[in-house]
2 protein chains.
Amino acid sequence: MSAAPVGTREISRHAVRAELARVAFNRFCLTGFDQVTFADLSEAAGVSRSTFLRYFGTKEDVVLFVFDPVGGVITDALDAERANQDDWSRLRNALESAVRFLVGDVQQLVTILGLIEQTPALCARLREKQAEWRPEIVARLQRTTSSTDGPSVIATVRVAAALEILWIVLGQWAASDGQEDLGELLDAAFAAFSTPA
Amino acid sequence: MSAAPVGTREISRHAVRAELARVAFNRFCLTGFDQVTFADLSEAAGVSRSTFLRYFGTKEDVVLFVFDPVGGVITDALDAERANQDDWSRLRNALESAVRFLVGDVQQLVTILGLIEQTPALCARLREKQAEWRPEIVARLQRTTSSTDGPSVIATVRVAAALEILWIVLGQWAASDGQEDLGELLDAAFAAFSTPA
DNA sequence: CTCGCGGCTGACACTGAGTGTCAGATTAGG
DNA sequence: CCTAATCTGACACTCAGTGTCAGCCGCGAG
């Protein structure tokens, strides 16, 4: 899932990254994403602008890098499942793995989702990440069901729909301050494909 | 659908905009979207950088403004339909209206889609537009079916899925140089929700 | 015809994101 | 302890996007 962080250097880098993100996140919530500049962030974190930019290529990544492992979580979950289920069940369970991974600190996630929702640039970048995950997820979904002749439109559509559900459900959940049960929300969302109406 | 262009000023502005976009589009296809600057575009079009920027707020809009009416087309189509159909049929037909609107010049659309596909910034911005359309589409879909207590998760998921289908189908169609039949492609995509597997 | 008025244009200045370079400090590892 | 790789801050640069300002052009009123 994550690359082996066996080097001293890697550990240090990872820790610094986390600290910079923590400081920056407070600023974003306080002032608003667009109003904060890299100069502000680097000053607040006590490093130079150059250094800050070296840890995060873009301002969006300062917030969204926490979602990077989600693609891997989903593909791994798809592989680990019993293959004798239908596509929708497998996708639903894979998404449940994803939300379980994300819900470490409930309050933290709610805040991040709120910040994302009210910042178009963050929404856009998040959707971009999602689009990067899609081909691999489609491949894993198909590997066990049908066969090997390129991604089928059916599978692509199902994966795209499932990923849409992920954000819709997370948005709904964040709107309730993390009160609602994510499993039930997933079920309610997937009902869109089984209810006749 | 489109605002009344009754002023001579509006007509002029619209025409200039189209011409600027035409010139710019050639540059993008020739050199690549990211490699072309506003300075290049304005020089090629024979206007100042300031003027060019006044016609298009962002570089992405130079390419994507042609998609602006699509949201309206979809909502209008949804309204115009007989309401005694199921959600999927209504969405499928609305999407067919959208693609009929887009397929004016086949070669033009194929080229644009190719440019978008290989330019992450354009993909991102297009998805942003799509997200703007969604709430209104959800409202129109629900107005006739169920009732009035806020957007249901079911409807939201279905609309999101349908919009995903739009781009998946257009991508597929562009990959075949506009040979495949868009109606059949839509049917094949929507089959993802009716096929049991 | 001409005068003024509103909008369009180009020139310019400015902020901020993101890239690249370079010299010096730091640290890993032999 | 020594060396080589890496990290850091400082700086310069390009380009997107915003805002301002003065001049121009067309258009209607007098």
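Before reading further, recall that the structure is shown in the block above.
Residues numbered from 1 in each chain as written. Chains lettered and ligands numbered in written order. Predicted model: local features only at pLDDT ≥ 70, side-chain atom pairs only at ≥ 80, totals over all residues.

Okay, the relation of the copies chain A and chain B next. The operation relating chain A to chain B is a screw motion whose rotation component is 180 degrees, with 0.0 Å of axial translation and a residual RMSD of 0.0 Å. Taken together, the rotation angle and the small translation identify this as a two-fold axis. Of every C-alpha in chain A, the one belonging to Ala161(A) sits nearest the axis of rotation, 2.4 Å from it. When the interface residues of chain A are mapped onto chain B, 100% of them again lie at the interface, so the same face is used by both copies. (Least-squares fit on C-alpha atoms with pLDDT ≥ 70 in both. Contact = placed C-beta atoms within 7 Å.)

Taken together, 16 residues lie around DNA strand D, and Ser48(A), Ser50(A), Thr51(A), Thr37(B) and Thr58(B) are the ones closest in. For the surface near DNA strand D, the elements supplying multiple residues, two or more each, are α1 (8-31) and α3 (49-55) of chain A together with α2 (38-45) and α3 (49-55) of chain B. Here the residues of the surface near DNA strand D are counted per class, giving 5 nonpolar, 7 polar and 4 charged. (Near = placed C-beta within 6 Å. Helix = DSSP H or I, 4+ residues; strand = E, 2+ residues; numbered from the N terminus. Nonpolar A, V, L, I, M, F, W, Y, C, P; charged D, E, K, R; others polar.)

Time to look at the nonpolar core. Inside soluble globular proteins, nonpolar side chains tend to come together where they are buried. Counting residues in hydrophobic clusters, the biggest one holds 90 residues, and the most contacted among them are Ile165(A) and Ile165(B). Here Ile165(B) is in contact with Val157(A), Leu95(B), Ala189(B) and Phe190(B), once residues within four sequence places are set aside. (Core = buried A, V, L, I, M, F, W, Y, C linked by C-beta atoms within 7 Å. Buried ≥ 20, exposed ≤ 12 C-beta atoms within 10 Å, placed from the backbone.)

In this section: the protein's contact with DNA strand C. Residues in close proximity to DNA strand C total 18 residues, the closest being Thr37(A), Thr58(A), Ser48(B), Ser50(B) and Thr51(B). For the surface near DNA strand C, the secondary structure elements donating two or more residues are α1 and α3 of chain A together with α1 (8-31) and α3 of chain B. Grouping the amino acids of the surface near DNA strand C by side-chain chemistry returns 4 nonpolar, 9 polar and 5 charged.

When helix α10 (residues 182-190) of chain A is considered as a whole, its buried residues turn out to be Leu185(A), Leu186(A), Ala189(A) and Phe190(A). Considered in projection along α10(A), the buried side chains sweep an arc of 130 degrees and stay on one side of the axis. At its buried positions, α10(A) is contacted by α6 (87-102) and α9 (153-175) of chain A together with α9 (153-175) of chain B. (Arc of directions from axis to C-beta.)

Shape descriptors only; they carry no functional weight alone.
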